[in-house]
Amino acid sequence: MPPQPQPTQPNKFYFFHGHRRPSQNRPIVRGGFFSNRKTLNPTAIPKFLKPQNPISQSEPFDIRKWDPDLPKTLATPPTKTASEQFFTVAKTLSPIARFICDSFRKHKNWGPPIAADLHKLRRVTPNLVAEVLKVQTDPALCSKFFHWAGKQKGYRHNYASYNAFAYCLNRNNQFRAADQVPELMQMQGKPPSEKQFEILIRMHSDANRGLRVYFVYEKMKKFGVKPRVFLYNKIMDALARTGHLDLAMSVYEDFREDGLVEESVTLMILIKSLCKAGRMDEVFELLSRMRGNLCKPDVFAYTAMVRVLVLEGNLDGCLKVWEEMRKDEVEPDVMAYTTLVKGLCMGNQVEKGYEFFKEMKEKSYLIDRAIYGSLIEAFVVAGKVGSACDLLKDMMDSGYRADLSIYNSLIKGLCSVNHVDKAYKLFEVTVQESLEPDFVSVNPMLVSYSELQRMDDFCKLLVQLQKLGFPVIDDLSKFFSFMVGKEDRIITSLNVFKELKEKGYCSVPIYNIFIGALHKIGEVEKALSLFDEIKESSMKPDSSSYSIVISCFVEVGDIQEACACYNKITEMSCVPSVSAYCSLVKGLCKIGEIDAAIMLVRDCLANVTSGPMEFKYTLTILHVCKSGDAEKVVEVIDEMIQQGCPPDDVICSAIISGMCKHGSLEEARKVFSNMRERKLLTEANVIVYDEVLIDHMKTKTADLVLSGLKFFGLESKLKSRGCTLLPS
């Protein structure tokens, strides 16, 4: 009987915790949890080694133990701390590099503690320096470490450590210091190669620092390093992309002097930049050079040139490049035709675009729907609606389905030539094809119906829109805003609104549109009558209504009512418009209510993000008046004139208020006389402001006397004697 094989005993797995015994092949390790298992099974770990969780997941929720800052309870988990980020990065580092980075993390600044940690190591190699610098974010600490490593006995940095140092400096926005790395290499006996300059050029090119790229290129020439064709292309591309085309051309001249042979990429970089700058003569010169170098541009190169010229709006240059393509017998593809046709349509040269469209048809190219759309829109803009409709039929015959933008263009074009019925049929087509027409689709028809006074059709369209789920009242607000944009349409749109009011199509925003439009054309009385209509109806005016009518009331001289409207707005916890503030302040200044006007100026600047310039200078003048010097006030007025803000009633009222409070009558009169000499004020205005100045000074003096009597408790005795000189 053959001997039975003995069963192999399973490997005995060990768990180690704490200090392990040192041996020749096992270093000393202190602390931690170690095992010779490949995978740790949590169920096999002894209970005393398992981490103790203070709160079990199965434990019921207790609000008293809830912490709102726990990651599980936060809507967005917190960012990692510095320690967590370090341990995430440390997974990819070698043990010694991890030790160095941990020392940097703990001590933060270079000093004796970090130097003591580094002296514990027997030696730091250049590759280790590069590994550490790749993950560091403190440029000062990295510089100290780099120079410390270079002072080791027998140590010399290699290219990897220099490159890592340059990357580290650039990563922390110290790119000027990174540019000095080649000089550092030269000083330390390691002349820089082309690779080091390429790294710097790539850094600056990615950050769009064109002038720094040229600076590094000039430094290359000083070191006697000649770039390859690839690096020359990179330099020229960075310079051209950042708007330094002349420098790029000078680099190209150096390229030719070095005896290098141009690639098609080299010339195309310059050609596209020259196309963007509109320097077509130089473009054609480079194209002839490409042909001479046996690298004739292909259809992709020509398409790129056409695209650049289209974006710049240089259509003449586009057509010249197209002729050059024909001379080279390069067959344009669909993309080239599409780019050219769209560019011609955008440049209002639809006839030229249509000729190229017919060429595409003759060559049996697959014509995209976008080309049809561009041509249709361009024909509508040119007023050739018939040609646009023919193209629509051609597109449908080709198997395409028109989108909403094409239908909108045709509806607008048909309405512009008074074919609103045909436009309505197209609108019904959009509804049938479930294209979801919007306000842009129906607005031209509403305008046509209103101008032709076909109110029955207008109302029928509104009813249909309501059935389709349109927000009719909001769309009517947009419609009337569009109509009152031209002054000759205001009366027409007002007549339309009168008829729609009877059918219930009205709202406060629509009233506001007409009140503002009537005020704009000087029909203040009609605007106020519309405001009265709102108040008499079931609707209530909003803050916009009150803001508009404030200007109307100021124009008719009813400042009291304007102030009442302002109070209504503040009761609503709203803010008046800037124009309402300006009108009310000027109205108060005209009737001599200077203190109230100044209070409104402060209120406006406190509530509005961008207040009027005159209001800001009002506060400046009030501040300057504290010195009581007329010359400083004149300097502020000079600054206002330089900024294009001539002084008006508000500024003059600020001078009166400031000088009455902090200065004197004489200083205020000096300012007004200076303004009269410079023809900023007329003689009549100076006389009026002088009277206002005297009255305001009397009021301020009376207020001060009354305040003194109240302070000393003499007001009651004055009243008992029947004195009426002071206000009660």
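About the criteria used
Residues numbered from 1 in each chain as written. Predicted model: local features only at pLDDT ≥ 70, side-chain atom pairs only at ≥ 80, totals over all residues. Heavy atoms only, no water. Helix = DSSP H or I, 4+ residues; strand = E, 2+ residues; numbered from the N terminus. Buried < 20%, exposed > 50% of the residue type's maximum accessible area, 1.4 Å probe, protein only. Contact = heavy atoms within 4.5 Å. Areas by Shrake-Rupley, 256 points an atom, 1.4 Å probe, with all protein chains shown as cover. Expected span 1.5 Å × (residues − 1). Axes fitted to C-alpha atoms, helices over the stretch in contact; angles between N-to-C directions. Parallel < 35°, antiparallel > 145°, perpendicular 65-115°, else oblique. Left-handed = near helix turned anticlockwise from the far one by under 90°. Phe/Tyr/Trp six-rings, centres within 6.5 Å; stacked < 30°, edge-to-face > 60°. Lys NZ or Arg CZ within 6 Å of the ring centre and 35° of its normal. Salt bridge = Lys/Arg side-chain N within 4 Å of Asp/Glu carboxyl O.

Colleague: Would you mind showing me how to read the overall build of the protein chain here?
Modeller: Summing up its helical and strand segments, the protein chain has 38 helices and two strands in all. Classification of the 728 residues of the protein chain by burial places 42% in the buried group. Restricting the contact set of the protein chain to residue pairs at least 6 apart, pairs at least 24 apart contribute 58%. Split by element, the accessible area of the protein chain, about 41500 Å² in all, is 53% carbon and sulfur.

Colleague: Is there a simple way to explain helix 11 (residues 229-241) in this structure?
Modeller: One full turn of an α-helix is made of 3.6 residues, so residues set three or four places apart face in the same direction. In this model, helix 11 (13 residues) spans 18 Å end to end at C-alpha, consistent with the 18 Å of a helix rising 1.5 Å per residue. Of the surrounding secondary structure, the elements contacted by the buried residues of helix 11 are helix 9 (194-206), helix 10 (210-222), helix 12 (245-257) and helix 13 (264-277). Phi turns positive, to about 85°, at Gly243, one or two residues after helix 11.

Colleague: Before we go on, may I ask you to explain the packing of helix 29 (residues 543-555) against helix 30 (residues 559-571) in this structure?
Modeller: When two helices pack together, their arrangement is given by the angle between the helix axes and the distance between those axes. Following both chains from N to C, one finds helix 29 and helix 30 inclined at 165°, their axes separated by 8 Å at the closest point. Taken as axis vectors, helix 29 and helix 30 run roughly antiparallel relative to one another. Relative to helix 30, helix 29 is oriented so that their crossing is left-handed. Here Ser543, Tyr546, Ser547, Val549, Ile550, Phe553 and Val554 of helix 29 lie close against helix 30, whose contacting residues are Ile559, Glu561, Ala562, Cys565, Tyr566, Lys568 and Ile569.

Colleague: Looking at this model, I keep getting lost on the packing of aromatic side chains. Mind explaining?
Modeller: Each aromatic ring pair is specified by the distance between its two centres and by the angle formed by the two planes. Across all of its chains, the model carries 27 aromatic pairs by this definition. Considering the side-chain rings of Tyr354 and Phe379, the 5.8 Å spacing of their centres and the 70° angle between planes classify their relative orientation as edge-to-face. On the criterion of sequence distance, the pair formed by Tyr354 in helix 18 (residues 350-362) and Phe379 in helix 19 (residues 369-381) is long-range, its members being 25 residues apart. Residue class for Tyr354 comes out partly exposed when judged on its relative accessible area of 28%. Using a relative accessible area of 3% as the deciding quantity, one classes Phe379 as buried. Taking the ring centre of Phe175 as reference, the NZ or CZ of Arg209 above it sits at 3.9 Å. The lysine or arginine in question, Arg212, covers the ring of Phe215, its NZ or CZ lying 4.7 Å from the ring centre.

Colleague: Sorry, what's going on with the side chain of Lys219 here?
Modeller: Mapped onto the fold, Lys219 is located in helix 10. On the basis of relative accessible area, Lys219 is assigned to the buried category, the value being 6%. Those residues in contact with Lys219, other than ones at most four positions away along the chain, are Asp179, Gln180, Pro182, Glu183 and Phe197.

Colleague: Looking at this structure, I do not really get unusual backbone geometry. What am I missing?
Modeller: For Asn208, which is not glycine, the phi dihedral falls at a positive 60°. When you line up the elements, Asn208 lands in the loop between helix 9 and helix 10. Non-glycine residue Asn418 carries a positive phi angle of around 65°. Checked against the element boundaries, Asn418 lands in the loop between helix 21 (404-416) and helix 22 (420-432).

Colleague: In this structure, what is going on with the pattern of salt bridges? I would like to understand it.
Modeller: Where charged atoms from two side chains of opposite charge approach closely, those side chains can pair. With the rule as written, the count across this model stands at 35 salt bridges. Among the ionic pairs, Arg279 bridges to Asp246, the shortest N-O distance being 3.2 Å. Highlighted residues: Arg279 in the loop between helix 13 and helix 14 (280-292) and Asp246 in helix 12, separated in sequence by 33 residues. On the basis of relative accessibility, which here comes to 26%, the residue Arg279 falls in the partly exposed class. Judged by relative accessible area, which is 55%, Asp246 ranks as exposed. A salt bridge links Lys363 to Glu331; the nearest nitrogen and oxygen atoms lie 2.9 Å apart. Note that Lys363 is positioned in the loop between helix 18 and helix 19 and Glu331 in the loop between helix 16 (315-327) and helix 17 (334-346), a separation of 32 residues in sequence. Glu331 sits in the partly exposed class, given a relative accessible area of 48%.

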